[in-house]
Amino acid sequence: MAHGLSGQGIVVVGGQWGDEGKGRIVDTLAKDCDVVVRFQGGNNAGHSLHIGETSLVLHLIPCGIMRPDKICMIGNGVVIDPEVLFQEMDLLAGHGVKCTADNLKIAKNAHMIFPFHKLIDAARENKPGMQLGTTKRGIGPCYEDKVARFGIVASDLLSPRIIRKKLENIFGNRFLDRSSDLSIESLMDWAQMIGNRLAPFLCDVGEALEHFLKQGRSVLFEGAQGALLDVDHGTYPFVTSSNCVAAQAAIGSGIGAHWLKEVLMVSKAYCTRVGEGPFFSETDPVEQERFRRLGNEFGATTGRPRRCGWIDLPALKYAARINGATGLVLTKIDILAGLGPIKVGVSYSCQGNSGLSFMEAMAAFNEGHVVSMEYKELKAAGVMPDRAEKITDFPQPLRDLCSMIEDYVGIPIRIISYGRERGQEFFISHEKN
Ligand code: IMP
Ligand code: MG
């Protein structure tokens, strides 16, 4: 391929707090790939796709499923809510996309979200002082059970004996109320029903993937959430419960790290966040409303209005480092046209100190101080062209923005999208470098 992004082991990850447009980019890249794999998170993710007349949101099944000849996999690092998985299969069937054991493979050792995980998540969110603004999808409690070593994996569903033993263990450890709707008997019935439908899709995803990679087939790893929501490296404790950075692509799909060749980190040309936690470039409510209206910034999973602000370069540079990004992808650049003068966050200030780095800003925030973003301003973008094939097709302020991002982060931009439809993006070759 001319753009050189169809090789083996391309990881697509988020460089902000999720919702960067990863799904849209995976859909673009999947055209030239053979296999698309999800490797972390669960149905807290919401990957929006607009393909011709069709608009849909995928939460669990990789976006590659929308291209007929692709194989999609859900790796061991994903937590699976089977009810959502089946709803998604049915939704896809309604769009003429059939999920079969041939085009969808699910790791038999992926952990399963049970109904009680969702109840625990929601109960915590409703408790004063405990709010993180989670999606209440049971993601955190399911990962907790995994790490606590009493989680239930997909293949367990095929054995009533194992399921009963594990449920007994979970009920004991979690002090769940057996007299409620959540009796072990009713969960056994539920698990058996789920297991029967899931069985044909289960396999050793790592083994299947390595088989493809050894044949020289190209594999695309579809990240969910974003670097700043990573449980280790993000804005802890305001994070999700999985690792969202690129290295997780190997762990969460069961292959060796050496197969990951390219890490494309996606960022919006501005920034959003859903849920609680620091967001240093968040703008005032009136300006946020304009971002929200122009960029349709409402959660694809929960419908919550997203918090909005300008692009934060020190945070992006930090995200590029923890991801090991080899290239950047810039999305929704068209939204900036129409917002007036463009602001670019370049450093932070706190208690009279300016020029702070992201780590310094986070340390100050964690100590309870107010941190402000310091900006450089660019002129208003003006009118966007209907079609663009290269950066020079853009108005000067957007070209300046792209140069600023590349210079600051120190990594080339490889793809820019300027609209939600397939084709409203272009690749940038950096072979001359
Ligand atoms: P959880 O992942 O549901 O536990 O939520 C933890 C935090 O991550 C909350 O602030 C959520 O809003 C945020 N979050 C989780 N998944 C996504 C996503 O796919 N996009 C954006 N934010 C997310
Ligand atoms: Mg999303």
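Residues numbered from 1 in each chain as written. Chains lettered and ligands numbered in written order. Predicted model: local features only at pLDDT ≥ 70, side-chain atom pairs only at ≥ 80, totals over all residues. Heavy atoms only, no water.

Draft legend 1. Expanded view of the pairing of strand β12 (residues 270-273). On β12, burial covers both faces: Tyr270 and Thr272 on one face and Cys271 and Arg273 on the other are all buried. Of the pairings in the sheet, the one linking β12 to strand β13 (residues 307-312) comprises four bridges and is antiparallel in character. Residue pairing in the sheet places cysteine 271 in a bridge with glycine 309 of β13. (Buried < 20%, exposed > 50% of the residue type's maximum accessible area, 1.4 Å probe, protein only. Helix = DSSP H or I, 4+ residues; strand = E, 2+ residues; numbered from the N terminus. Pairing = 2+ DSSP bridges.)

Draft legend 2. Region of interest: the site of ligand 1. Among the 15 residues in the neighbourhood of ligand 1, the closest are listed as Asn44, Thr135, Thr240, Val274 and Arg304. Within the backbone of glycine 133, one N or O atom sits 3.3 Å away from an oxygen atom of ligand 1. Within the contact set of ligand 1, an oxygen atom lies 3.0 Å away from a side-chain nitrogen or oxygen of arginine 304. Relative to its unbound accessible surface of 470 Å², ligand 1 loses 95% to contact with the protein. (Near = heavy atom within 4 Å. Polar contact = N/O pair within 3.5 Å; in protein donor to acceptor, adjacent residues only side chain to side chain. Areas by Shrake-Rupley, 256 points an atom, 1.4 Å probe, with all protein chains shown as cover.)

Draft legend 3. Seen up close, the sheet that holds strand β19 (residues 425-427). In spatial order, the strands read β9-β7-β5-β2-β10-β1-β11-β14-β18-β19; together these 10 strands make up an open sheet with mixed pairing. The open sheet has two edge strands with one neighbour each: β9 (202-203) and β19. Strand contacts of helix α10 (residues 313-323): β1 (10-14) and β11 (262-268), with the helix running at about 155 degrees to β11, the strand carrying the most contacts. (Contact = heavy atoms within 4.5 Å. Axes fitted to C-alpha atoms, helices over the stretch in contact; angles between N-to-C directions.)

Draft legend 4. Layout of the coordination of the magnesium ion (ligand 2). Every protein donor of the magnesium ion (ligand 2) is accounted for by Asp19 (OD) and Gly46 (O), and the metal-donor separations fall at 2.1 to 2.5 Å. In this pair, aspartate 19 sits in the loop between β1 and α1 (22-30) while glycine 46 sits in the loop between β2 (35-38) and β3 (47-51), placing the two residues 27 residues apart along the sequence. (Donors = N, O, S within 2.8 Å, 3.2 Å for Na, K, Ca; no water.)

These figures come from the coordinates and say nothing about function on their own.
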